[in-house]
Amino acid sequence: MTDRRDDRRDDLPADRQADRRAELAAALSEVERRVEEACRAAGRSRKELTLIAVTKTYPASDVRLLAGLGVSHVGENRDREAADKASACADLGLTWHFIGQLQSNKVRSVVAYAHMVHSVDRPRLVEALGREAVRAGRQVDCLIQVSLDEGTGRGGARPEEVPALAELVAKTEGLRLRGVMAVAPLGEDPAPAFARLRAVSGRLREDYPEADVISAGMSGDIPQAIANGATHLRVGTALLGRRKPFVR
């Protein structure tokens with residue numbers, strides 16, 4: 001089996017760590033500039049936005065460097081990698097977001113470290129999350145993933161399925177309904193898709209005012225997400241660089 005530590009640079013020497021910190025600091029500064037510019041254009045406050053650093057395929061050392069630069073929210077989409085990093089960085093007091101498609105057999109592991117699960121899209125997953133949250137004595141925040149482009153294999157509930165799923169989350173012990181999440185369709189203008197997500201969120205908040213999170217926007221569509229009410233941005237490439245292939 002290939003050692004993932006070698007490929008993902010967990011053990012950089014001190015001088016390279018300093019270089020990497022400088023790289024991350026410059027990238028974070030540029031992302032913040034883009035976010036602030038988009039907020040001004042949309043007439044919003046930067047304080048309304050939570051930046052989630054998506055660190056998939058990058059090492060725990062990068063998480064530590066980002067934490068030192070003021071990043072407090074980290075997102076992952078593979079349980080094995082996320083669990084390892086959450087354990088390695090447990091002393092940092094970070095908020096961990098699970099943003100990938102979640103299989104029921106991974107729920108127990110994810111519930112052990114994730115504060116918010118962005119990819120809730122079916123009743124069986126809600127039931128499994130609630131069961132494991134109660135077993136672990138935790139409360140897990142949940143976002144309903146909304147499909148904006150059906151049939152792509154990305155997961156997500158259809159907009160018309162959201163009310164029933166929201167009701168199930170809201171009444172399930174151990175879970176807290178916090179809002180919605182979506183990924184913009186590939187090859188399309190993300191603005192109309194995010195506008196549809198905003199409309200879904202508005203309808204949801206009529207029944208659940210506390211479900212005010214809209215997780216939308218990644219490295220390539222930050223302005224469009226902010227213009228359409230995003231509260232949480234999931235940014236990976238713009239912060240950490242182009243990802244290497246994942247090594248199992």
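Residues numbered from 1 in each chain as written. Predicted model: local features only at pLDDT ≥ 70, side-chain atom pairs only at ≥ 80, totals over all residues. Heavy atoms only, no water.

**Q** So, the overall build of the chain: which residues are in play, and what are the values?
**A** Within the chain one finds 10 helices and 8 strands. The C-alpha atoms of the chain give 18 Å as radius of gyration, which agrees with the globular expectation for 248 residues (18 Å, within 12%). C-alpha atoms of the chain, sized along the principal axes, occupy 55 × 45 × 30 Å. Within the span of the chain, comprising 248 residues, buried residues form 49% of the whole. (Helix = DSSP H or I, 4+ residues; strand = E, 2+ residues; numbered from the N terminus. Rg over C-alpha atoms; globule rule 2.2 N^0.38 Å. Buried < 20%, exposed > 50% of the residue type's maximum accessible area, 1.4 Å probe, protein only.)

**Q** How would you sum up the environment of Glu37? Please name residues and give values.
**A** Relative to the elements of secondary structure, Glu37 occurs in helix H2 (residues 14–42). Linking Glu37 and Pro223, residues 186 residues apart in sequence, is a C-alpha distance of 8.2 Å.

**Q** Please set out the side chain of Thr231 residue by residue, giving values where relevant.
**A** Here Thr231 is to be found in the loop between helix H9 (222–227) and strand S8 (232–235). Judged by relative accessible area, which is 14%, Thr231 ranks as buried. Those residues in contact with Thr231 that lie beyond four places of it in its chain are Arg44, Glu48, Leu49, Thr50, Asp212, Val213 and Ile214. (Contact = heavy atoms within 4.5 Å.)

**Q** Tell me about the nonpolar core, and name the residues and values.
**A** Val117, Leu129 and Leu233 are the most contacted members of the largest nonpolar core, which totals 68 residues. Per element, the largest residue contribution to this core is 6 residues, and it comes from H2. Excluding anything up to four places from it in sequence, Val117 contacts Phe98, Leu102, Val110, Leu129, Val140, Asp141, Cys142 and Leu143. (Core = buried A, V, L, I, M, F, W, Y, C linked by side-chain atoms within 4.5 Å.)

**Q** Any chance you could break down the pairing of strand S2 (residues 73–76) for me, citing the residues and the numbers?
**A** In terms of strand pairing, strand S1 (residues 50–54) meets S2 through 2 bridges, oriented parallel. When the bridges of S2 are listed, Val54 appears paired with Gly75. As paired strands, S2 and strand S3 (residues 95–98) are joined by 4 bridges and run parallel to one another. Across the sheet, Glu76 pairs through a bridge with Phe98, a residue of S3. At this point the chain moves from S2, through helix H4 (residues 79–88), to the parallel S3, and the crossover so formed is right-handed. (Pairing = 2+ DSSP bridges. Right-handed = clockwise from strand over helix to strand, strands pointing away.)

**Q** So what's going on with the packing of H2 against helix H3 (residues 60–68)? Which residues, and what values?
**A** Where H2 meets H3, the axes come as close as 10 Å, and the angle between the chain directions of the two elements is 55°. Considered as vectors, H2 and H3 are oriented oblique to each other. Seen from above, H2 lies across H3 with right-handed handedness. Of the residues in H3, those in contact with Gln17, Arg20, Arg21 and Leu24 of H2 are Ser61, Asp62, Leu65, Leu66 and Gly68. (Axes fitted to C-alpha atoms, helices over the stretch in contact; angles between N-to-C directions. Parallel < 35°, antiparallel > 145°, perpendicular 65-115°, else oblique. Left-handed = near helix turned anticlockwise from the far one by under 90°.)

**Q** Mind laying out helix H7 (residues 162–171), listing which residues take part and the relevant values?
**A** Along H7, the residues that are buried comprise Val162, Leu165, Ala166, Leu168 and Val169. Looking down the long axis of H7, one finds its buried residues gathered within 160° of arc, a one-sided arrangement. Exposed residues lying more than 90 degrees from the buried face of H7 are Pro163, Ala164 and Lys171. In the core, the buried residues of H7 are packed alongside strand S4 (116–120), helix H6 (123–136), strand S5 (140–145), strand S6 (175–181) and helix H8 (190–207). (Arc of directions from axis to C-beta.)

**Q** Before we move on, could you go through the confidence of the model for the chain and cite the residues and values that matter?
**A** On average, residues of the chain score 92 in pLDDT, and 91% of them are at 70 or above. For residues 1–9, every residue scores under 50 in pLDDT, and the model assigns this stretch 28 contacts once sequence neighbours within four places are set aside. (pLDDT = per-residue confidence, 0-100.)

**Q** Tell me what's going on with unusual backbone geometry, and back it up with residues and numbers.
**A** For Thr57, which is not glycine, the phi dihedral falls at a positive 75°. Considering the arrangement of structural elements, one finds Thr57 in the loop between S1 and H3.

**Q** Tell me about the environment of Val120, and name the residues and values.
**A** In this structure, Val120 sits in strand S4. With relative accessibility at 0%, the residue Val120 sits in the buried group. The contact partners of Val120, leaving out residues within four places of it in the chain, are Leu125, Val126, Leu129, Cys142, Leu143, Ile144, Gln145, Leu165 and Val169.

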